[in-house]
Amino acid sequence: MLPTGSKLLIGAAVAATVAAIVYGLTQEGSLGTVGLIFAAAALAFLAGVVVYIREADVSAMDTAALSESAAAAAPPGDSIWPAVSAVGGVLLVVGLVTYSPIFIFGLVALLAATVDWMVQAYSERASADARFNAAVRERIAHPLEFPILAAVGVAVLVYSFSRIMLFLSKTTGPAVFGVLAALLLVVGFIIAFMPSIRSGVVAGIAVIAGLGLVAGGAAAALDGEREMHPHETTSALSAEGQCSSTDETEADEHASQNVAAKANIAAEITLGKDGTLTAHNLGLVGDQESVSVVRANSTNVRFRNESDEDRRLVLDLGTRAETDETGETIPDREVPNQLCTQLVEDGGSQLLTFSIPTPSRYADAPYRFVVPGVDGAEVPVNVS
Amino acid sequence: MVASVPRRLTTGRAALLVGLGVLVAGCAKNAPQDTFQPEGENARKIHDLQWPVFAIAGIVLVIVSAAVLWCVFRYRDRGQPIPKQTHGRPALEIGLTILPALILIGVAIPTVGTLMALSKTSDTECFVNVTGQQWWWEMDYPAQDGCGGIETPIVTSGQMVVPVGTNVLVRGTSRDVIHSFWIPRLNGKRDMVPGRVQTLRIEADRPGIFAGQCTEFCGLSHANMRMEVVALDAADFETWKANQLAAYEAPEEGTVAAEGEQTFIAQCSRCHQVDGLEDADGAPVIARPELYVYSEAAPNLTHLMTRNTFAGATWDLVVEGCRDRVWQATPEEFGAIYLEGVTADCLNEVDLREWIRNAPEKKPMYAEATELGPTDGKTRGMPYLALSEDQIDQVIAYLLERH
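Residues numbered from 1 in each chain as written. Chains lettered and ligands numbered in written order. Predicted model: local features only at pLDDT ≥ 70, side-chain atom pairs only at ≥ 80, totals over all residues. Heavy atoms only, no water.

Let's shift gears to the sheet that holds strand E8 (residues 198–202) of chain B. Residue and element names in this part refer to chain B. Strand order in the open sheet formed by 5 strands is E3-E2-E1-E5-E8, and the pairing between neighbours is mixed. Pairing within the sheet leaves two strands with one partner each, and these edge strands are strand E3 (154–157) and E8. Direction aside, the axes of adjacent strands within the sheet are offset by 25 degrees on average. (Pairing = 2+ DSSP bridges. Helix = DSSP H or I, 4+ residues; strand = E, 2+ residues; numbered from the N terminus. Axes fitted to C-alpha atoms, helices over the stretch in contact; angles between N-to-C directions.)

Looking now at the interface of chain B and chain A. The partner chain A presents 20 residues to the 31 residues of chain B that form the contact. Both sides of the chain B and chain A interface together cover about 2,100 Å² of buried area, and 50% of this is carbon and sulfur. When the buried surface of chain B facing chain A is broken down by residue, Arg171(B), Arg175(B) and Val197(B) rank first, second and third, together holding 23% of it. If you look at where chain B meets chain A, you find 2 salt bridges. Viewed at the interface, chain A and chain B are joined by 13 residue pairs in polar contact (both at pLDDT 80 or more). Secondary structure elements with two or more residues in the side of chain B that touches chain A: strand E1 (126–133), strand E2 (136–141) and strand E5 (168–174) of chain B. (Contact = heavy atoms within 4.5 Å. Buried area = accessible area lost by both parts, 1.4 Å probe. Salt bridge = Lys/Arg side-chain N within 4 Å of Asp/Glu carboxyl O. Polar contact = N/O pair within 3.5 Å; in protein donor to acceptor, adjacent residues only side chain to side chain.)

Another aspect to go through is the packing of helix H5 (residues 256–268) of chain B against helix H10 (residues 389–400) of chain B. Residues and elements named next belong to chain B. For the pair H5 and H10, the least separation of the axes is 7 Å and the interaxial angle reads 105 degrees. The orientation of H5 relative to H10 falls into the category roughly perpendicular. Side by side, H5 and H10 meet where Val256, Ala257, Glu259, Gly260, Glu261, Thr263, Phe264 and Gln267 of the first sit next to Gln391, Asp393, Gln394, Val395, Ala397, Tyr398 and Leu399 of the second. Of the residues belonging to the contact of H5 with H10, the class tally is 7 nonpolar, 5 polar and 3 charged. (Parallel < 35°, antiparallel > 145°, perpendicular 65-115°, else oblique. Nonpolar A, V, L, I, M, F, W, Y, C, P; charged D, E, K, R; others polar.)

Our focus in this paragraph is a nonpolar patch on the surface. All names here are of chain B. Taken together, Ile56, Val60, Val64, Val68, Leu69, Val72, Phe73, Leu92, Leu96, Leu99 and Ile103 make up a surface patch of nonpolar side chains, about 960 Å² in accessible area. Contributions of two or more residues to the nonpolar patch are made by helix H2 (41–74) and helix H3 (90–118). Per-element accounting of the nonpolar patch gives the leading share, 7 residues, to H2. Along the polypeptide, Leu69 turns up in helix H2. (Patch = residues over 30% accessible without salt bridge, like charges linked within 9 Å, V, L, I, M, F, W, Y side chains within 5 Å. Areas by Shrake-Rupley, 256 points an atom, 1.4 Å probe, with all protein chains shown as cover.)

The next point concerns the sheet that holds strand E9 (residues 208–213) of chain B. Residues and elements named next belong to chain B. Strands sit in the order E4-E10-E9 across an open sheet of 3 strands; the sheet is mixed. In this open sheet, the two strands that pair with only one neighbour each are strand E4 (159–163) and E9. Each adjacent strand pair in this sheet contributes to an overall mean axis angle of 20 degrees, direction not counted. Bridge analysis of E9 against strand E10 (residues 226–232) gives 6 bridges, and the strand direction is antiparallel. In the sheet register, Gln213 faces E10, and the bridge partner there is Arg226. Sitting on the sheet, helix H7 (residues 331–339) touches E4, E9 and E10, and the angle it makes with E10 is about 120 degrees.

Structural data, given as structure tokens:
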């Protein structure tokens, strides 16, 4: 006759075997089948052990064992650490062949289980009084457990919160979190004005809110972040050879018109009201006909727009081979090789930073500063 | 106790000897980087300021030290009763506050005046771009009306040649880390900072060579990052300019130097520019140091043998006797001797050969393949090129013609 407890394990082993066969025949991929076969094998092993030891019912054959056997000794208290150790071990192995975060989770679980299990085992030998032993365990473990659990809890909540924020669109996000903030305020008021409310109710509300946040965060993390549009800069204009455009582009939005004025510069280029472009090299007297630049060195030039219209300064370096989206050169296709500032408003200034590796004498075309839309506005650039 | 007297005497004598040694060490006659021997208007301004400041500071030091010593000896503990304790002498305290303030004001007025005079740029007669990088200085003379007129830029390194009695403005910067440009006999220090352009006035009273040194720690070979300013009179400066702008002269066919030209193109021209050099197809050979060197620059060797140092002015290109002839020349004969450049007889072939054979072994640099991870494979300094001795002979023969 089979012991009562073994029937569950035998049934589960049979069910896992059937599930493995069904899964293997109907689903693609072998991972699920292998997992179920392992489960069936493990359950069958446990069922065999239980049947062999007759569910440890020693009293059936040996009455003396009731008081003398190891099973008669006081059993250890309930512990989740064997289960955590098992999960940790599995995660460790799975993580080794899949993703490193899973490995790290497994490692953390194993470390936590090792430490806490040791503390528990130690405390259970402190005395014959279970309550005293429990107090010993708390005294040792709580200073470690509480800060770590609190940190983990906060990290989970913050991470969940951030996933939700990154999932919601730019317009939905403020609305959702505005409503949530208002709700939080209302609940806070209710709790504050109802001193008689039971603490269990408050704790329940907090737990539900926390679980909701974590669940929402998990769902949002699985769905991924919303598509974010990077703000275009003048480097995009340069890459597309569109620096000569006099039209306002996205790169010209939110243009700073005065930050550049604080920077150290090698030269200042000024567009006058009459459309003339003048250059002043730092340290030299008056205006010069050209700008002197050191080869292969990061150089700052300030563009000051004193004309009546929004203008940008363009550093014209000739032409260059066109490249596709992957950066590969497109044969026989050339685009202007230019760098430019944003559109600078009347009275504003902008900085242009550049480095030119090839001296002027070896350049295919003369280097020069120009202002699109202003004929004749040109200053040569001499690279030594 | 008896033995301690001679030991104390010995210790005292040793201390005296060390002190005298330190004192004597400051009396070197040949000290090319001596800031107390100004050779130009700007350095003289600093000199004229620092002497009175030192004098005032010295007087204050003597007075304060004497007062402290007098108090220590006069009121030392001899078992006398503790004197009557008083609190405050307002007149003395106010006086001792006002007096240092007056001294500081007296020092500040000429100091600010000197600083303003040294930062003046409105009287510039010539400007030179000076760029520091690990571990050498590049000097380029852009096209300008100054310096007697320059139509085509001149690029050189290690030695900055300037006309005597001319206000030269250095526009300095750096390509990698912060360096500091200092020619003690001509002006004070100026940090050269990446992304910034700093100005420094240079003026020399007489023809000659004035040594300098990078004075901002800039890495492994900071101590080997030197530079010199060469002052020539106006006529000699024009000769130097004309020579720097002279057309490239290829070596005579069939010579070792001609083989050296090909070796140079194959091995050296990736980083080093020689203006006018052409490949077999007649196309100009253009150096691309930005692909191989972290600072994106390497010395221009077009007229290497017109300067008499190399590798960041660390080694002389001329042997000792020839070096002395230049350095000890009178102002009248200096220009002619300097403009001779490096001749075959004067060439310091030993150091140049060692440098070409294995530069990182001669000067500490980050040029080993195993050290280039942080710089994406680019070297800091000249790498080991694995040239054969024949190739080295060829390159030296070729470079010797770069006048």
